[in-house]
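Residues per chain are reported as follows:
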Amino acid sequence: PEDARDHDDAVWAAPDSDPKNAGGFEIIVAIADVAHFVSPSSALDREALKRGNSVYLPSEVIPMLPGALSADVCSLMVGEDRACLAVRMSIDSAGNIRRHEFFRALMRSAASLNYAQVQKAADGHAGAIEDPEILAAVQLLYAAHEALKKARNKRDPLALELPERKLRFDKEGNVAGIDLQPQLASHHLIEDMMIAANVCAAETLEAKRQPCMYRVHPEPDREKFEALREFLKTFEYNLAKAQVLKPAAFNSILRQAKDTPQEHLIHQIVLRTQSQASYSPNNAGHFGLSLPRYAHFTSPIRRYADILVHRGLINAGRLGKDGLPDDAGDKFAEIGEIISDAERRAMAAERDAVDRISASFLTDRVGATFLGRISGVSRFGLFVTLDETGADGLIPIRTIGTDYYDHDERSHSLIGRRSGEIYRLGDVVEVILREADAVSGRLRFDLNSNADGPTMRRKTPGKRGRRRPRRLLRSRSRR
């Protein structure tokens, strides 16, 4: 990203010189050698474990490591010699990894490029990258990525597309706007190269019988899966029963829902069906990525799990004396719980900070109308996410018309007893902002009773959004 302060990964690609690998590529993923600077059981190490990861708030970063390391000595800065732990991979024309090796080195980054800049260059915008050598290097990265994409498509990992919101600040530190972040091909390029490197790390540690802190993502709970199947039937989508769950089953539904009124809803509900990822020394595979083994290797500046993986690789390749201590594996289960909890805390803090700042940004727009989607349904009301900013708020159930509404947990909806009116997860609504509390981060909405468009009435759900237009219920504001 344009505002990145620490740079812990670098990439390079070129056609493979091996005549037996026509159309293949060599890829190097070089990662900051944090293990060289953070020794096991040192004060730095103990504090890094306590923090677990860096926390990225909208206007600041709370780093896992001191800034002198994360933003300077360990950061792969342009034109500076930096210590790295790298993996060289040979892939064939179908993106399969033929061989790989880990090594330590000094590297000097040739350029620091942001995602938008690289995407513009790939799309042919003149001047996005002016240096012809750097532009040629980027083109080779895209060529290698075309091969990696083939392997990804064959694997068919979970293909959820959920927009993220990013707060924009002016020079005084005030919020200037809230943008929804687009997904670019340049994001996928780096993501796929990092995934390949992480797979190589897990395979190497297993082969060398070293302790490994896996990134595990179990398959969805069967009860949640069955609830999803029943829910999808109301839209005439058939999610087949299977003894072994695979992401491909979910992707089939996501493809069917593409460009329909239910697309956003289906992505949301499939996401809610998934299990939570965590760290563990016991490999359970990564369901979402459709991989049998996976470990985080590519971000040791901001994740403690990656430091452990680096130390294991140092032992595995006999790359130094600063690897894992002999008894380190005995503590991995406890450490996995510590850093998994730290990750959940960080995610909650990031969400809370974004909510508070978003609410502050909207305080001067109380009384304005917005379009949004129902993003949550509960017995006490409807949660709505605004299209314009991605901010979330609540419509209390007491303000929805004069009917009595029952919460149908299975169909994620509120249903009026007399009218049969249904408000369901994913429905488009027009709302009026009634309250914006910057301290708590809470927004309160009313349905706009004067709107004549986006919400719809239905008594029985139909396929792919073919529903009769419905009148909007008149709201009773109880401020």
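The rules behind the values
Residues numbered from 1 in each chain as written. Predicted model: local features only at pLDDT ≥ 70, side-chain atom pairs only at ≥ 80, totals over all residues. Heavy atoms only, no water. Axes fitted to C-alpha atoms, helices over the stretch in contact; angles between N-to-C directions. Helix = DSSP H or I, 4+ residues; strand = E, 2+ residues; numbered from the N terminus. Parallel < 35°, antiparallel > 145°, perpendicular 65-115°, else oblique. Contact = heavy atoms within 4.5 Å. Phe/Tyr/Trp six-rings, centres within 6.5 Å; stacked < 30°, edge-to-face > 60°. Buried < 20%, exposed > 50% of the residue type's maximum accessible area, 1.4 Å probe, protein only. Lys NZ or Arg CZ within 6 Å of the ring centre and 35° of its normal. Left-handed = near helix turned anticlockwise from the far one by under 90°. Nonpolar A, V, L, I, M, F, W, Y, C, P; charged D, E, K, R; others polar. Arc of directions from axis to C-beta.

Asks: Break down the packing of helix α1 (residues 43-51) against helix α10 (residues 332-361) for me, citing the residues and quoting the values.
Replies: At a minimum axis distance of 7 Å, the contact between α1 and α10 shows a crossing angle of 60°. When the interaxial angle is binned, α1 and α10 end up oblique. The segment α1 lies against α10, with Leu49, Lys50 and Arg51 engaging Ile335, Ile338, Ile339, Ala342 and Arg345.

Asks: A description of the packing of aromatic side chains should follow, citing residues and the corresponding values.
Replies: Scanning the entire structure with this criterion turns up six aromatic pairs. Judged by centre distance (6.1 Å) and plane angle (85°), the rings of Phe250 and Phe287 are edge-to-face. In this pair, Phe250 sits in helix α7 (residues 247-257) while Phe287 sits in the loop between β10 (278-280) and α9 (304-316), placing the two residues 37 residues apart along the sequence. We classify Phe250 as buried; its relative accessible area is 1%. Members of the aromatic cluster, joined through ring pairs, are Phe225, Phe250 and Phe287. Over the aromatic face of Tyr279 sits the side chain of Arg215, whose NZ or CZ is 4.6 Å from the ring centroid.

Asks: So what about unusual backbone geometry? Which residues, and what values?
Replies: The residue Arg209 is not glycine, and still its phi comes out positive at about 55°. Positionally, Arg209 belongs in the loop between α5 (185-207) and β9 (214-216). At Glu236, a position not held by glycine, the phi torsion is positive, near 60°. Residue placement: Glu236 occurs in the loop between α6 (222-233) and α7.

Asks: How would you explain the packing of α7 against helix α8 (residues 263-273) if you had to name every residue and give the values?
Replies: Between α7 and α8, the shortest axis-to-axis distance is 9 Å and the interhelical angle comes to 165°. For the element pair α7 / α8, the angle class is roughly antiparallel. When the axes of α7 and α8 are compared, the crossing they make is left-handed. Counted together, Phe250, Ile253, Leu254 and Ala257 of α7 and Glu263, Ile266, His267 and Val270 of α8 form the full contact between these two elements. When its residues are assigned to classes, the contact of α7 with α8 shows six nonpolar, one polar and one charged.

Asks: Requested: an account of α1, with residues and values cited.
Replies: The complete set of buried residues in α1 reads Asp45, Ala48 and Leu49. Looking straight down α1, one finds its buried side chains confined to an arc of 100°; they lie on one side. Among the exposed residues of α1, those pointing more than 90 degrees away from its buried face are Ala43, Arg46 and Lys50. Considering only its buried residues, α1 is in contact with α9 and α10. Downstream of α1 by one or two residues, Gly52 has phi in the positive range, about 80°.

Asks: How would you summarise the environment of Val73 if you had to cite specific residues and measurements?
Replies: As for its placement among the helices and strands, Val73 is situated in helix α2 (residues 67-73). It is 10.0 Å that separates the C-alpha atoms of Val73 and Asp6, two residues lying 67 residues apart in sequence.

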